[in-house]
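# A closer look at the structure
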Amino acid sequence: MAFLSLAGGQAKENQRNNPNVIVILADDLGFGDVSLYGSKTLQTPCIDALAKSGIRFHQGFATSATSTPSRYALLTGMYPWREEVNILPGDAPLIITETQPTLPKLFRQAGYSTGAVGKWHLGLGNGNINWNETIKPSPNEIGFDYSYIMGATNDRVPCVYVENGKVDNLDPNDPISVSYKSNFEGEPTGEKNPELLKMHPSHGHNMSIVNGISRIGFMKGGKSALWKDETMASVFLDKVKSFIAANKERPFFLYYGLNQPHVPRAPHSDFVGKSGMGPRGDAVLEADWCIGQLTAYLQSIGLADNTIIIFSSDNGPVLDDGYQDQAQELADEHNHKPAGPYRGGKYSLFEGGTHVPFIISWPKEIAAGKRSDALVCQMDLLASFASLLGEELPEGLDSENHMNAFLGKSKKGRTTLVTEATGRLALKEGDYLMIPPHNGPAINPSTKTELGNDEEYQLYNTRKDPSEQHNLALKKGKLMEKIKHSFTQHAAKK
Ligand code: NG6
Ligand code: CA
């Protein structure tokens, strides 16, 4: 299904004046990790400055409490649970089909050049991927003219960058092999060779060792192509700048997936020790620096005024996500609350799972210093930009047009949003969060995150009770019936 362009001659003429659009998506950054949203322990001056130059949302959401589904929704405008999208291993096929509408296809149709730099995690190839040949499909087959990506996550093999479907810096005489089942003979692992590690796993993450860090999955070869975690931020930033430089004469759309503060947290030495909060805090400062570098670059080439920057995070925060980096201990010691006032975090149906920082800056059109309490979701960027650019949307998407809320012209966003955490669903409706009964543990034993599972219905007014302590399900019988009904309507698979 392609987008139908409504753009006539006049619109085409105006295309040169269309704003550039950059979506920056942090990885596992919490609402409470940003100083403007209330963090007293971590200072994020560049994110704060970006927010102050435009509008910051206090009810901004990812659809999901983990990366793959959340990114799927952002790029396709569809709820990920319709297709049972879940966290992907590093050798999984691309889950967005080549015929599906996507955000970059929308921009491309409106005359933009499109790029993806950074974390991808939506799969690559058709299965049985050969890392030594051009990989297809890649981001380039679903709407991006240019891509420079980390295929999955920084804790999964293969630890290589992929540029337009080709592993960057690969020596053909040292081919890459990858397995998510068994190790390759003679290759060290975190489990068998802990003496080779500079960072030790706390759960999982004990397979192949790359750059002194053991990962999920096994790989061999590709030595010249292996990334160094410490330089990942600047590698991506350089690609971001060169994409912008190459496209500065025409409107561009850039999807920039930051690698921080996802595990393993190994920021550049410039940031080590700077936060006083260990590697996780230092990684947040490094992410903040990336944003400062990007905004300064846009200024320096005169593009800041007519560039829309959307900043958010793919899911809520987690402290111990698999490496012994003291994140939990230091957060406890400094009373750092990475999810801010909200309960739970990554993997959770409580609001900490999906209630994320959400900032939009567009100096030309949005007055500085705005704040909005409209319920907004990343999934709605697709329909909203279709409206802004005068492109017709295909039918059947879950994405809704809330451009007026995004630009601060309306206080009204969504009325309802289905949120998801590892396949389980909940419903946001207005100020309320309703979690239906779910089997499973109350707490993730490894990450210690409260997951939101309970035998009973839960209903919280998360505006008045953000820490979700007062279950109103029994007290508010009538409202509960209404929200249950709404849940059956919205959470039904089509
Ligand atoms: C989990 C990993 C976690 C992280 C997550 C994906 C283990 C024990 N845990 O399965 O470390 O990689 O997947 O994170 O392997 S996400 O932000 O990309 O969704
Ligand atoms: Ca994530």
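Residues numbered from 1 in each chain as written. Chains lettered and ligands numbered in written order. Predicted model: local features only at pLDDT ≥ 70, side-chain atom pairs only at ≥ 80, totals over all residues. Heavy atoms only, no water.

## Overview of the pattern of salt bridges
Our working rule: Criterion for a salt bridge: a side-chain nitrogen of Lys or Arg within 4 Å of a carboxyl oxygen of Asp or Glu. Strands are runs of DSSP state E lasting at least two residues, helices are runs of H or I lasting at least four, and both sets are numbered from the N terminus onward. Note on classification: 1.4 Å probe, protein chains only; a residue is buried when its accessible area is under 20% of the maximum for its type, exposed when over 50%, partly exposed between these limits.
All told, the structure shown has 21 salt bridges when counted by the stated rule. Two residues, Asp325 and Arg265, come together in a salt bridge whose shortest N-O distance is 2.9 Å. A residue pair is termed long-range when its members are at least 10 positions apart, and Asp325 in the loop between β14 (307-313) and α7 (327-334) and Arg265 in the loop between β13 (252-257) and α6 (278-300) qualify at 60 residues. Note on Arg265: relative accessible area 2%, which makes it buried. In this structure, the salt-bridge partner of Lys428 is Glu351, at a minimum N-O distance of 2.6 Å. Linking Lys428 in strand β20 (residues 424-429) with Glu351 in the loop between α7 and β15 (358-361), this pair joins segments that are 77 residues apart in sequence.

## Some words on the coordination of the calcium ion (ligand 2)
By definition of the ideal shapes, four donors in a tetrahedron about a metal sit 109.5 degrees apart, and six donors in an octahedron sit 90 or 180 degrees apart. Condition: Donor atoms: N, O and S within 2.8 Å of the metal, or within 3.2 Å for Na, K and Ca. Because water is excluded, sites can look incomplete. Any coordination sphere not matching a tetrahedral pattern (four donors, all angles between 85 and 135 degrees) or a square planar or octahedral pattern (four or six donors, opposite donors over 155 degrees apart, other angles between 65 and 115) is reported as irregular.
Here the calcium ion (ligand 2) is held by the protein donor atoms Asp27 (OD), Asp28 (OD), Asp314 (OD), Asp314 (OD) and Asn315 (OD1), which lie 2.2 to 2.7 Å from it. Coordination at the calcium ion (ligand 2) is irregular: its six donor atoms span angles of 52 to 171 degrees at the metal. Written as a sequence motif, the donor residues of the calcium ion (ligand 2) are D-D-x285-D-N. Of this pair, Asp28 sits in the loop between β2 (20-26) and α2 (45-52) while Asp314 sits in the loop between β14 and α7, and the two are 286 residues apart along the sequence.

## A short note on the environment of Asp238
Examined against the element boundaries, Asp238 turns out to sit in helix α5 (residues 232-246). Asp238 sits 35 residues away from His203 along the chain, and the two C-alpha atoms are 33 Å apart.

## Focus on the site of ligand 1
Selection rule: Residues are labelled near a given molecule or strand when at least one of their non-hydrogen atoms is within 4 Å of it. For the purposes of these results, a polar contact is taken to be a pair of N or O atoms within 3.5 Å, where, inside protein, one atom must be able to donate a hydrogen and its partner to accept one; residues adjacent in sequence count only when each atom of the pair is a side-chain atom. The Shrake-Rupley method, run with a 1.4 Å probe sphere, supplies the accessible areas, and residue values consider only the shown protein chains as cover. All amino acids are sorted into three groups, where Ala, Val, Leu, Ile, Met, Phe, Trp, Tyr, Cys and Pro are nonpolar, Asp, Glu, Lys and Arg are charged, and the leftover types, Gly among them, are polar. These domain boundaries are the output of an automatic or database domain assignment.
Within the structure, ligand 1 sits among 19 residues, and Ser67, Lys119, Asp155, Asp321 and Lys346 are positioned closest to it. In this structure, an oxygen atom belonging to ligand 1 sits 2.9 Å away from a side-chain N or O atom of Lys119. Note that an oxygen atom of ligand 1 is positioned 3.2 Å from one of the side-chain N or O atoms of His121. When the free accessible area of ligand 1 is taken as 450 Å², the share hidden by the protein chains comes to 83%. Split into classes, the residues belonging to the shell around ligand 1 amount to four nonpolar, eight polar and seven charged. Viewed by domain, the shell around ligand 1 spans two of them, domain 1 (4-12 + 21-172 + 226-406) and domain 2 (177-220), each represented by three or more residues.

## As for the sheet that holds β15
The pairing of strands in a sheet comes from backbone hydrogen bonds and takes either a parallel or an antiparallel form. To be explicit about the condition: Any two strands with at least two DSSP-identified bridges between them are counted as paired. The contact rule is simple, with two residues in contact once any of their heavy atoms fall within 4.5 Å. Under this scheme, a helix contributes an axis fitted over its contacting stretch, all axes are lines through C-alpha atoms, and angles between N-to-C directions fall in the 0 to 180 degree range.
Spatially, the ten strands line up as an open sheet ordered β8-β7-β6-β5-β13-β2-β14-β15-β3-β16, and their pairing is mixed. The open sheet is flanked by β8 (166-167) and β16 (370-372), the only strands paired with a single partner. Relative to β13, β2 runs parallel, the two being bridged by five bridges. Among the inter-strand pairings, Ile22 is bridged to a residue of β13, identified as Leu254. Strands in contact with helix α8 (residues 381-389) are β2 and β14; relative to β14, the strand with the most contacts, it is inclined by about 170 degrees.

## Description of the domain arrangement of the chain
Each assigned domain of the chain is listed here: domain 1 (4-12 + 21-172 + 226-406), domain 2 (177-220) and domain 3 (416-490). Computed over C-alpha atoms only, the centres of domain 2 and domain 3 are separated by 38 Å.

## Here's the deal with the state of the cysteines
Defined simply, a disulfide is a covalent bond joining two cysteines at their sulfur atoms. To be explicit about the condition: Whenever a pair of cysteine sulfur atoms sits within 2.5 Å, that pair is classed as a disulfide.
Here the structure, examined in full by the defined rule, presents zero disulfides. Take Cys46: it sits in no disulfide, and the sulfur closest to it among the cysteines is that of Cys290, at 9.5 Å. Considering cysteine sulfurs only, Cys290 is the nearest to Cys159, which forms no disulfide, with 19 Å between them.

## Some words on the side chain of Ser64
Here Ser64 shows up in the loop between β4 (60-61) and α3 (67-76). Beyond its immediate chain neighbours, meaning those up to four positions away, Ser64 contacts Pro69, Ser70, Pro80, Asp314, Asn315, Gly353, Thr354 and Glu420.

## Brief notes about the sheet that holds β20
Read across the sheet, four strands follow the order β19-β20-β21-β22 without closing on themselves; strand pairing throughout is antiparallel. In this open sheet, the two edge strands, each paired with only one partner strand, are β19 (416-421) and β22 (458-461). The mean angle between the axes of side-by-side strands here comes to 20 degrees, regardless of whether they run parallel or antiparallel. Of the pairings in the sheet, the one linking β19 to β20 comprises six bridges and is antiparallel in character.

## Let's talk about the pairing of β19
Counted residue by residue, β19 has six buried out of six residues, so it is predominantly covered. Side chains Thr416, Val418 and Glu420 of β19 all project onto a buried face; the interleaved residues Leu417, Thr419 and Ala421 project onto the opposite face, where all are buried too.

## What to know about the nonpolar core
This is how it is decided: By convention a nonpolar core is built from buried Ala, Val, Leu, Ile, Met, Phe, Trp, Tyr and Cys residues, the set being connected through side-chain atoms within 4.5 Å.
Judged by nonpolar contacts, the single largest core of 100 residues is most densely connected at Trp120, Ile244, Tyr255, Tyr256 and Phe311. Counting only domains with at least three residues in this core, you end up with domain 1 (4-12 + 21-172 + 226-406) and domain 2 (177-220). What Ile244 contacts, discounting residues up to four positions off in sequence, is Ile22, Phe252, Leu254, Leu294, Tyr297, Leu298, Ile301 and Leu303. Membership of the second largest hydrophobic core comes to 20 residues, among which are Ala73, Leu425, Leu459 and Ala491.

## Overview of α7
Convention followed: Working note: the arc is built from the helix axis to C-beta atom directions.
The set of residues buried in α7 consists of Ala327, Leu330 and Ala331. Burial along α7 is one-sided: seen end-on, the buried residues are contained in an arc of 100 degrees. Opposite the packed face of α7, turned more than 90 degrees from it, sit the exposed residues Asp332 and Glu333. Asn335 sits one or two positions beyond α7 and adopts a positive phi of about 55 degrees.

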